[in-house]
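Structural description and commentary
Here's the letter readout for the chains.
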Amino acid sequence: MSKIPATNSLLAKSTNGATLLVLLRIGSRLTTFTLNQILLRFLAPEVLGISTQLDLFSTSILSFACESLRVALQRQRQGQGPEPVDGGSNGQTGKETRYLERHDEDSFGRRAQETVNLSYIAIALGVPLAYALATIYLKTADPVVLNAPFFNEALHGYIIATILELLNEPCFSIAQQQMLYTTRASAEASATFTKCIVTCCMVIWASRTRTQLGVLPFAFGQLAYAFVLNANYLSKVITLAFENDFSIGLRSLPSSSQLYLSRFSKPMVNLAGNLYGQSVLKQLLTNGDSYLIASFTSLSAQGSYALAANYGGLIARILFQPIEESSRSYLARLFASEDTPARDIDKANGKDSATTPKFNLASAKASQYLTTLLRAYILFSIVVVTLGPTLSPLALRTIAGARWANTEAPAVLAAYCYYIPLLAVNGILEAFVSATASPAQLRSQSAFMIAFSASFVASGYYVLKVLQRSGRGLVLASSVSMVLRILYSSRYVTNFLARRGSSLKLRELTPGITTILGSLVSAITLKQVEKSFDKGWTDFVKWAAVAGGFGMIV
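Counting restarts for each chain: residues are numbered from 1 in the order of the written sequence. Reporting of local features is limited, given that this is a predicted model, to residues whose pLDDT is at least 70; pairs of side-chain atoms are given and counted only at 80 or more, and all residues count toward the totals for whole chains, interfaces and linings. Side-chain metrics rest on all non-hydrogen atoms present in the structure, leaving aside hydrogens and water.

1. Here's the deal with the pattern of salt bridges
- Here, a salt bridge means any side-chain nitrogen of Lys or Arg that lies within 4 Å of a carboxyl oxygen of Asp or Glu. Enumeration over the complete set of coordinates arrives at five salt bridges.
- A salt bridge links E67 to R328, with the nearest nitrogen and oxygen atoms 3.6 Å apart. Of this pair, E67 sits in helix 2 (residues 45–74) while R328 sits in helix 13 (residues 314–336); the two residues are 261 residues apart in sequence, bridging distant segments of the chain.
- Using a 1.4 Å probe on the protein chains alone, a residue whose accessible area is under 20% of its type maximum counts as buried, one over 50% counts as exposed, and one in between counts as partly exposed. Overall, R328 belongs to the buried group, its relative accessible area being 8%.
- The residue E530 makes a salt bridge to K527 at a minimum N-O spacing of 3.8 Å. Of the two residues, E530 and K527 are both situated in helix 21 (residues 513–530); the distance of three residues between them amounts to about one turn of the helix.
- E530 sits in the partly exposed class, given a relative accessible area of 26%. Counting from the N terminus, the helices are DSSP H or I runs at least four residues long and the strands are E runs at least two residues long.

Laid out in structure tokens, this is it:
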């Protein structure tokens, strides 16, 4: 049976899933964005700085514990066995059918149970890691942070919320494996909305009653997020588990030489082990600016940087992250069946294999997919780099108020506009690497990422401590590190496709000369116009006039 329809179906499902995630995240982010603007009116930069540290603490635990297993599970080979069962056939009862499928290595129930079992490794890693990082945090944190109102209570709240999110990992893994994009999007949207409502209500109440709660509202918001997230996932996955006779608890599997302790798939555990070092380094590189800014600057500077980074990263969280995630899943499954013989592909297309080049179908599809996505990213990046640096300070003053406009946040946000395109391109290229690299190649990438990490830490320290450049300099250091990562991933992708008779269509990635010249002229014009800004509404009119001309050129 040809795999071509299945491959096309996989692309359609991945594309539709990414679109759904993006649309739902846009809706939820717009709502939470509005609520957060209300919140900013009542917050001092110092409080936002501490909350950023706590968020970093939580995301570090989740990333170190879960990320490598999640990527490994996305590369799990999908068998050709039965899909989710809903009753008996051929004279068998539903119970008999489920029993047989549970012992079939290609059955949905068996694969799902393997996935659930593996997710408990993340829980086993995450709980002690939470205790260890909390201990380190308390011993190294600035005394100003430790003496903040209700800081200890807030830290304990974040620890509990993080452990709750870890306990949700079995359900999340099933949702990821089965591409349940609707479940994931609705769970994240409702949880994020609830978090913002709880945090805003507590902050506004504290402001009106003049009660010093410090960062405690953020801890309650995080707890609310974890509870709602878990409830959404559990309500969906537990039904799926009941219908297909697998458990969301740890369960032994039929004895096999491919299992550790009769529960954990050896290939998946070994792959996750190879990916673990890479995931740790990726977390350190991705959030390295936050670690450095938290270590070497004041709370006020941390708050200003956090605000700018949150605004600057809004596009990455709404648009790039879902696309990167769905792309990694799509590419992993696409190449899981890349051993399809060329003659089978030709036969499915009604062609004679004697006259058709025997290229790899998966590579050809991957090349076209990457080319299309990267071209869209490059065009989007031109718009951001041209218009963003002058628009962002204007928007920040209007949205966040004069208190934040007089901090370093506008300058950091303007610099972030040059960093966003690098985030986009690197994300999709590293998704390709994670989905296709062998264990040896992953170890090689980890070695390079160690070098990237060292160079980033050195340049970040130099910028913050020696040059005293704070946020803007750190964005520059992050950009240099990101360029190095892009160069490494580009080389890997090019070689990978070339070995399979395919390549990236570089000519299709290059924008037209009119677009490039229009971008340069518009950017120079905006820089000159910016000198006449007087912090009034006319600034937007001036900016819009130039932006409109650029839009017509493009």
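Now that the structure has been shown, we can carry on.
2. A closer look at the packing of helix 2 against helix 4 (residues 108–140)
- Across the interface, helix 2 lies against helix 4 with an axial gap of 9 Å and an inter-helix angle of 155 degrees. Between helix 2 and helix 4, the angle falls in the class roughly antiparallel. When the axes of helix 2 and helix 4 are compared, the crossing they make is right-handed. Residues Q53, L54, F57, S60, I61, F64, A65, C66, L69 and L73 of helix 2 form the contact with helix 4, whose participating residues are T115, L118, I121, A122, L125, G126, L129, A130, L133, A134 and Y137.
- Throughout this entry, Asp, Glu, Lys and Arg are counted as charged residues, while Ala, Val, Leu, Ile, Met, Phe, Trp, Tyr, Cys and Pro are counted as nonpolar. The remaining residues, Gly among them, count as polar. Its residues assigned to classes, the contact of helix 2 with helix 4 comprises 17 nonpolar, four polar and no charged. Where helices are involved, their axes are fitted lines through C-alpha atoms of the stretch in contact, as for all axes, and angles between N-to-C directions lie from 0 to 180°. If an angle is under 35 degrees, it is roughly parallel; if it is over 145, roughly antiparallel; if it lies from 65 to 115, roughly perpendicular; otherwise it is oblique. For a crossing to be left-handed, the near helix must be turned anticlockwise from the far one by less than a right angle; the clockwise case is right-handed. We call two residues in contact whenever any of their non-hydrogen atoms come within 4.5 Å of each other.

3. A short note on the packing of aromatic side chains
- Between rings of Phe, Tyr and Trp, where Trp is taken as its six-membered ring, a pair exists when centres lie within 6.5 Å; planes separated by under 30 degrees are stacked, by over 60 edge-to-face, and by other angles tilted. This model, assessed by the stated rule, comprises 11 aromatic pairs.
- Linked through ring pairs, F57, Y137 and F151 together constitute an aromatic cluster.
- Stacked on the ring of Y225, the Lys or Arg K195 has its end atom at 5.8 Å from the ring centre.
- A cation over a ring is seen here: R500 above F496, with NZ or CZ 3.8 Å from the ring centre. Comment: the charge-over-ring label is applied if NZ (Lys) or CZ (Arg) is within 6 Å of the ring centre and within 35 degrees of the ring normal.

4. A short note on unusual backbone geometry
- With phi around 60 degrees, F150 is a residue other than glycine that occupies positive phi space.
- By secondary structure assignment, the location of F150 is in the loop between helix 5 (143–146) and helix 6 (151–167).
- Its identity is not glycine, yet R210 carries a phi of approximately 55 degrees, on the positive side.
- Inspection of the secondary structure puts R210 in the loop between helix 8 (181–209) and helix 9 (216–244).
- On the basis of relative accessibility, which here comes to 78%, the residue R210 falls in the exposed class.

5. Things to note about empty space enclosed by the protein
- Grid points spaced at 1 Å and placed over the protein atoms alone form the basis of the search, with a cavity being a set where a 1.4 Å probe fits but cannot get out and a pocket an open set showing protein on both sides within 12 Å along at least five of seven lines. Lining residues have an atom within 4 Å of a point. Grid points are joined across faces, edges and corners, and a volume is the space filled by probe spheres set on the points. All chains considered together, the criterion is met by five cavities of 30 Å³ or more.
- Considered as a void within the structure, the second largest cavity measures approximately 90 Å³ in volume.
- For the second largest cavity, the full set of lining residues is E67, S68, V71, L275, Q278, S279, K282, R328, E430, S434, Q445 and M449.
- Residue assignment for the lining of the second largest cavity shows that the elements contributing at least two residues are helix 2, helix 10 (266–286), helix 17 (409–436) and helix 18 (439–466).
- In terms of residue class, the lining of the second largest cavity is built from three nonpolar, five polar and four charged.

6. Structural notes on helix 10
- The span you would expect from a helix comes to 1.5 Å times its residue count less one. Its 21 residues place the ends of helix 10 29 Å apart at the C-alpha level, agreeing with the 30 Å of an ideal helix rising 1.5 Å per residue.
- The angle between axes fitted to the seven residues ending at a residue and the seven residues starting there is what we call the bend at that residue. In helix 10, a bend of some 35 degrees at L275 exceeds every other bend along the element.
- Of the positions making up helix 10, those classed as buried are M268, L271, A272, N274, L275, Q278, S279, L281, K282, Q283 and L285.

7. Examining the side chain of N426
- Topologically, N426 is positioned in helix 17.
- Using a relative accessible area of 4% as the deciding quantity, one classes N426 as buried.
- When sequence neighbours within four positions are dropped, the list of residues in contact with N426 reads M482, R485 and I486.

8. A look at the confidence of the model for the protein chain
- The predictor attaches a confidence to each residue, and that confidence, scored 0 to 100, is pLDDT. The predicted model of the protein chain has a mean per-residue pLDDT of 78, with 81% of residues at 70 or higher.
- Mean pLDDT per element in the protein chain: helix 14 (residues 342–348) is the minimum at 39, and helix 6 is the maximum at 95.
- Here residues 79–103 is a poorly scored stretch, pLDDT under 50, and it has 38 contacts once near neighbours within four places are set aside; other chains count.

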